[in-house]
Every structure is written in structure tokens, then in C-alpha cells.
Amino acid sequence: MAGGAGFLGSHLCDALVARGDEVLAIDDLSTGRTANVAHLGDNPAFELVVGDVSTGVDVSGSVGAVAHLASPASPPAYLARPLETLAVGSEGTRHLLELAGRHGARFLLASTSEIYGDPAVHPQTEDYRGNVDPIGPRSVYDEAKRFAEALTSAHRRTLGTDTAIVRIFNTYGPRLSPGDGRVVSNFIVQALAGEPLTIYGDGSQTRSLCFVDDEIAGLLALLDSDLAGPVNIGNPDERTISEIAAVVLKVTGSASHVVHRPLPTDDPTRRCPDITLASERLGWSPRVDLVTGLEQTAAYFGALTADEGRAGG
Ligand code: UDP
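Residues numbered from 1 in each chain as written. Predicted model: local features only at pLDDT ≥ 70, side-chain atom pairs only at ≥ 80, totals over all residues. Heavy atoms only, no water.

The subject of this paragraph is the side chain of Ser139. By the element assignment, Ser139 lies in helix 4 (residues 139–159). Given the relative accessible area of 9%, Ser139 is considered buried. One polar contact links the side chain of Ser139 to the main-chain carbonyl oxygen of Pro134, over a distance of 3.2 Å. Not counting residues within four places of it along the chain, the set of residues in contact with Ser139 comprises Asp133, Pro134 and Ala144. (Helix = DSSP H or I, 4+ residues; strand = E, 2+ residues; numbered from the N terminus. Buried < 20%, exposed > 50% of the residue type's maximum accessible area, 1.4 Å probe, protein only. Polar contact = N/O pair within 3.5 Å; in protein donor to acceptor, adjacent residues only side chain to side chain. Contact = heavy atoms within 4.5 Å.)

Rendered as C-alpha cells:
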């Protein structure tokens, strides 16, 4: 699995190992963290190799499936690594598709709702082609993923590779990196520290947040199916960013205020998945509501802060 030490990758490793699969995780640790898979360290069914799939990948032994979850995923993370993000979406995808092809393995591409850009169709169905600025700052991520989808589809058509594309909508939960700049991690870290919650713009833009356990269940269902996709996997519970801030304040019991900061360039104004395809073809739908998911995520960040306090003290 490429990106196996990342937020989503590490949860997918857990799920695969738990059901008896052997997992080789490859991660360059640019945004992934060894701490995310430290608990799997002694498990003979798991191995972490530090490496960059953009420069090549070789695996000996048999390979049943190849999952490509390697990429910076939060806007500040990919904007800080524009060339690396384009490389892992293009060359990284090519190397992993070739690996799957050599082994006759199923290939799963982690694509994204960002390929819809600032959507003119709402909620977003898989046949919507998107509204992306090809040269704007976010294009390093959006176009890398769009190219990855194109390459994956071409391999399927011309070489018969068994491929699947999942379009992942905003996902949150334990193991989000506290400093990666995403809305949920920022708000919870700020709320727990008693600092103001930073709402970008007027807070009327929307996102639909999916708890990580639900997202992973969707990825596994797709991996185990013969569906090519693309398939949206996300939670259609659409909220404004201001509403999300209010729920975070309630869940954490924080007395923090909110402050407004400039809206990033090309920040999508709304986003919500249409999950008809996933529910009809995979029998998948999300189960964890926002309050429950945020409580679990806040507990994770609270424990991290306590650990840091102990280490520092
Ligand atoms: N956002 C915000 N405050 C923050 C971080 C993000 O208001 O501290 C907003 C951001 O402008 C966007 C939404 O929250 O409208 C989701 O941002 P995130 O970076 O989590 O993911 P995106 O969906 O933009 O990739």
C-alpha cells in the first residue's frame, strides 16, 4: 500500500491486517507518520518500507492488490509540496499501475472530490466532469488526481488492468495530523487550546464530513468488488464551515471564539457527495454521525496533547 503511514493509509492497513491480509506499506513520510503504524510494528503480517513511489517501486513475492493512497492531501500540505504532489499523482500512479499489471493484481486509486473543483452540479454525481482551474494553486492536487484517473482508466482500457477509482470526500478522525491545516484538525486543536477557531471567509462554504471508519469500510467494499468506478465515498451530511465550528465548540465544551481569516484561492463554495452508486452497487453508506465522530476525534487530539505534555514535562 502506497501511503500506508498516512491518515487514511494507516487505517486501511489496520483493516486489512485485522482481516488476515499481509500488508507492505510504502511511505516517504513526507506527510505520513511512523506513529500511525507503530502499533503494527511487531505484527508479522505488516511491514513499512520508507520510499517514494514517484521514483519507482518493486515488490518481490505475490501481490494481490495495490492501493495508491500516497499524496499530501490537505491544502497547506500540497501547496507546500507542489512538484512532489504532481509527481506522486502522475509518476507514482504509473509505477503502481505497472506493479499491479505485472502481478495481475487489482489496483485501487484514491482519488478525490477535488476533481470536481468548485462544482456547478450539486450534490456531485460521478458523471459530473468538474470545474477546476488548471493553472491555479490547487491545480497541483486537482490535476494530479485527474491525471491519475485518466492514467488508471487508460491502463484498464488498453492493458486490461483490474482497476478501481474511489473519489474520497473530506474525511476526519483519529490520526489526522494536528498540524496539517485541515478544518477539523485546526478547529479541534484550537478549541482544546482555548484559542480562536479560524474560519476562512464568511464560513458559508459547505463541506460534507465523513468519519474515517466509514470511509475505510467504503474503500474495502470497493476493493473487494469488481466495480471500476469512479465511486464517490463520503458522507452526504452537508454543513457550512460556521456550523462545523459550532459543533466542535459544543463537543469540546470549549469557550473559544471564532475569528475570520481570508478565504484561500479557489476554495470550493460547496461540496456534497451523491452516494447512490456506492449504496446501490456496494451496499455501502456511512453510519457515524458528526457529533459522535467529532467526539472520537477530539478524544484522540486530547490524548496526543496529554502525551506531549508528559514528554515535555
Ligand atoms: N477552513 C477554515 N478554517 C481552517 C481550515 C479550513 O475555515 O482553519 C475551511 C476551508 O477554507 C475550506 C473548508 O474549511 O472551505 C475545508 O478545508 P480543508 O482544508 O479541511 O479541506 P478542503 O475541502 O478545502 O480540501
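There is more to say, and it comes next.
What the rule picks out here adds up to zero disulfides. Free cysteine Cys13: the closest other cysteine sulfur is in Cys210, separated by 18 Å. Free cysteine: Cys272, not disulfide-bonded; nearest cysteine sulfur from Cys210 at 11 Å. Residue class for Cys272 comes out buried when judged on its relative accessible area of 7%. (Disulfide = S-S within 2.5 Å.)

Right, let's talk about the packing of helix 1 (residues 7–18) against helix 6 (residues 212–223) for a bit. Viewed as axis vectors pointing N to C, helix 1 and helix 6 meet at an angle of 65 degrees, and their least axial separation amounts to 10 Å. The two elements helix 1 and helix 6 meet at a crossing, and its hand is right-handed. In contact with Phe7, Leu8, His11, Leu12, Ala15 and Leu16 of helix 1, helix 6 contributes Val212, Glu215, Ile216, Leu219, Leu220 and Leu223. A per-class count over the contact of helix 1 with helix 6 returns ten nonpolar, one polar and one charged. (Axes fitted to C-alpha atoms, helices over the stretch in contact; angles between N-to-C directions. Left-handed = near helix turned anticlockwise from the far one by under 90°. Nonpolar A, V, L, I, M, F, W, Y, C, P; charged D, E, K, R; others polar.)

Attention shifts here to the pattern of salt bridges. Applying the stated criterion to the full structure yields 16 salt bridges. Note that Glu91 and Arg94 form a salt bridge whose closest N and O atoms lie 2.7 Å from each other. Of this pair, Glu91 and Arg94 both sit in helix 3 (residues 82–103), three residues apart, which is roughly one turn of that helix. Arg94 gets classed as partly exposed once you look at its relative accessible area, which sits at 30%. The shortest N-O distance in the salt bridge between Arg146 and Glu143 comes to 3.7 Å. Of this pair, Arg146 and Glu143 both sit in helix 4, three residues apart, which is roughly one turn of the helix. (Salt bridge = Lys/Arg side-chain N within 4 Å of Asp/Glu carboxyl O.)

Glancing now at unusual backbone geometry. Following His122, the chain continues into Pro123 via a peptide bond in cis, with omega recorded as -10 degrees. Along the polypeptide, Pro123 turns up in the loop between strand 4 (106–112) and helix 4. Cis geometry marks the peptide bond from Gly229 to Pro230; its omega dihedral reads 5 degrees. With phi around 85 degrees, Arg175 is a residue other than glycine that occupies positive phi space. Considering the arrangement of structural elements, one finds Arg175 in the loop between strand 6 (171–172) and helix 5 (183–193).

Our next topic: the side chain of Ser90. Turning to its location among the elements, Ser90 is positioned in helix 3. Only 2.6 Å separates the side chain of Ser90 from the backbone oxygen of Leu86, close enough to count as a polar contact. Apart from residues no more than four positions distant in its own chain, Ser90 is found in contact with Phe147 and Leu151.

Moving on, we come to the site of the ligand. Around the ligand sit 18 residues, and of these Asn170, Thr198, Tyr200, Arg207 and Asp267 come closest. Contact distances for the ligand include 3.0 Å between an oxygen atom and a side-chain N or O atom of Arg138. In this structure, an oxygen atom belonging to the ligand sits 2.6 Å away from a side-chain N or O atom of Arg207. Here the ligand has 510 Å² of accessible area as a free molecule, and 96% of this is covered by the chains. Listed by contribution, the elements that provide at least two residues to the shell around the ligand are helix 5 and strand 7 (197–200). When its residues are assigned to classes, the shell around the ligand shows seven nonpolar, five polar and six charged. (Near = heavy atom within 4 Å. Areas by Shrake-Rupley, 256 points an atom, 1.4 Å probe, with all protein chains shown as cover.)

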